[in-house]
Structures are given as C-alpha cells and as structure tokens.
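# Descriptive structure summary
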Amino acid sequence: MRELDQQKTIDILNAIMEFELAGVVRYTHYSLMVTGPNRIPIVAFFKAQASESLLHAQQVGEILTGLEGHPTLRIASMEESFKHTVKNILEESLSHEKNALDMYKNLLETVTDASIYLEEFARGMIGQEEMHNLELKKMLRDFS
C-alpha cells in the first residue's frame, strides 16, 4: 500500500462536507417549494434527502477529525433558479447528485491503495449517490 496523502484527503473531505451541508439547505428549500397534487410524497422525499445530506456531512466530519483535520464551517455556494415546478426541482436535484457522485469518485481516486477504510467509505457513498441518480432519473421519466 502507498502512503495516504493526508492533506489532499482532508481538502477533498472538506469540499464534500461543504457540498453535503449545501444539500441540507437545497433539499429543505425544495421541500418547502413543492406544490400540486403529489406534494406530500415529494415533500417527504426531499425531507429525507436533507436528513441524509446532514448524516453524510456528519460522517465526513468524523473522518476529518480522525485525520486531524478541521471540519469546515462553510457550505458550498448555491444558486437559486427561482424555478419551482416539480420537474425543475428534480432536474436540479439530479445535477446536484451527479456533482456529489463526482466528488466521492475523486475521494476514491485519492485514497485507493492508501486506506482500506477510506476506500470502503468512498465506495459506499458512490453506491448511495448512484442510487440517488437512478431514483431521480426514474422520477423524471414521466415528464415530457
């Protein structure tokens, strides 16, 4: 095994933490903006996504402190599109999830053959993000 590039790993984890915390804000906002006859299950979906983003940020923060890093107090920047149809919100969510997937893939590339624990963590998160991407694509399928 090679030596872990600890500083690079810490930097990537802090970027992920900022992104996951932005997800908490994003998905909470979306849950408040949904209207229409299918509002209740979609709101529940977004509230669950917000809770999961918070859990991911907490998990990343625990790893950061374990690596003697300092978890960020920042959140990633977010743009407000002011488009709140269910289709728009789901499309923005899919874009967010694709970015999260790329971030965890970057983490995996950085820790491969340097830390089995971090490799497994990154692989697990990649699996979850891939599942979110598939779920959102299925939710978008019926929109023309």
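Residues numbered from 1 in each chain as written. Predicted model: local features only at pLDDT ≥ 70, side-chain atom pairs only at ≥ 80, totals over all residues. Heavy atoms only, no water.

## Quick notes on the overall build of the chain
The helix and strand tally for the chain stands at four helices and zero strands. Ordered by position in the sequence, the α and β elements of the chain form the string α-α-α-α. Here the C-alpha radius of gyration of the chain, 16 Å, is about what a compact globule of 144 residues would show, namely 15 Å. Put simply, the chain has 144 residues, and 44% of those count as buried. The long-range share in the chain, meaning contacts at least 24 apart out of those at least 6 apart in sequence, stands at 81%. As displayed, the chain has an accessible area near 8,200 Å², and 55% of this comes from carbon and sulfur atoms. On the chain, the mean spot of the 14 positive side-chain charges and the mean spot of the 22 negative ones are 9 Å from each other. (Helix = DSSP H or I, 4+ residues; strand = E, 2+ residues; numbered from the N terminus. Rg over C-alpha atoms; globule rule 2.2 N^0.38 Å. Buried < 20%, exposed > 50% of the residue type's maximum accessible area, 1.4 Å probe, protein only. Contact = heavy atoms within 4.5 Å. Areas by Shrake-Rupley, 256 points an atom, 1.4 Å probe, with all protein chains shown as cover. Lys, Arg positive; Asp, Glu negative; His and termini not counted. Charge placed at Lys NZ, Arg CZ, Asp CG, Glu CD.)

## So, the environment of Asn106
Assignment of secondary structure puts Asn106 in helix 3 (residues 86–111). Owing to a relative accessible area of 32%, Asn106 belongs among the partly exposed residues under this scheme. Taking the C-alpha atoms as reference, Asn106 lies 14 Å from Gly127; in sequence the two are 21 residues apart.

## Digging into the nonpolar core
With 23 residues, the main nonpolar core has Leu13, Val60, Leu67, Tyr104, Leu107 and Phe121 as its most contacted residues. For this core, the secondary structure elements donating two or more residues are helix 1 (6–33), helix 2 (39–66), helix 3 and helix 4 (116–140). It is helix 1 that contributes the most residues to this core, six residues altogether. Not counting residues up to four positions away in its chain, the partners in contact with Leu67 are Leu4, Gln6, Thr9, Ile10, Leu13 and Leu118. (Core = buried A, V, L, I, M, F, W, Y, C linked by side-chain atoms within 4.5 Å.)

## Some details on the packing of helix 1 against helix 2
Relative orientation of the contacting elements helix 1 and helix 2 amounts to 160°, with a least axis distance of 8 Å. Viewed along their axes, helix 1 and helix 2 adopt a mutual orientation that is roughly antiparallel. Relative to helix 2, helix 1 is oriented so that their crossing is left-handed. (Axes fitted to C-alpha atoms, helices over the stretch in contact; angles between N-to-C directions. Parallel < 35°, antiparallel > 145°, perpendicular 65-115°, else oblique. Left-handed = near helix turned anticlockwise from the far one by under 90°.)

## Focus: empty space enclosed by the protein
Taken as a whole, this structure holds one cavity of 30 Å³ or more when the rule is applied. Every residue along the wall of the largest cavity is listed here: Glu20, Gln49, Glu52, Ser53, His56, His96, Glu97, Ala100, Glu129 and His132. For the lining of the largest cavity, the secondary structure elements donating two or more residues are helix 2, helix 3 and helix 4. Residues that form the lining of the largest cavity fall into these classes: one nonpolar, five polar and four charged. (1 Å grid on protein atoms, 1.4 Å probe; cavity = no way out; pocket = protein on both sides within 12 Å on 5 of 7 lines; lining within 4 Å. Points joined across faces, edges and corners; volume = space filled by probe spheres on them. Nonpolar A, V, L, I, M, F, W, Y, C, P; charged D, E, K, R; others polar.)

## Remarks on the environment of Glu130
By secondary structure assignment, the location of Glu130 is in helix 4. Exposure remark for Glu130: the relative accessible area of 38% places this residue in the partly exposed category. When the C-alpha atoms of Glu130 and Asp142 are compared, they prove to be 20 Å apart, with twelve residues separating the residues in sequence.

## Brief notes about a nonpolar patch on the surface
On the surface, a cluster of nonpolar side chains totalling about 220 Å² of accessible area is made up of Val25, Ile75 and Met78. On the secondary structure map, Ile75 appears in the loop between helix 2 and helix 3. According to the relative accessible area criterion, Ile75 is partly exposed, its value standing at 40%. (Patch = residues over 30% accessible without salt bridge, like charges linked within 9 Å, V, L, I, M, F, W, Y side chains within 5 Å. Salt bridge = Lys/Arg side-chain N within 4 Å of Asp/Glu carboxyl O.)

## A few points about helix 4
The end-to-end C-alpha distance of helix 4 is 36 Å, a good match for the 36 Å that 25 residues give at a rise of 1.5 Å each. The set of residues buried in helix 4 consists of Leu118, Glu119, Phe121, Ala122, Met125, Ile126, Glu129, His132, Asn133, Leu136 and Leu140. (Expected span 1.5 Å × (residues − 1).)

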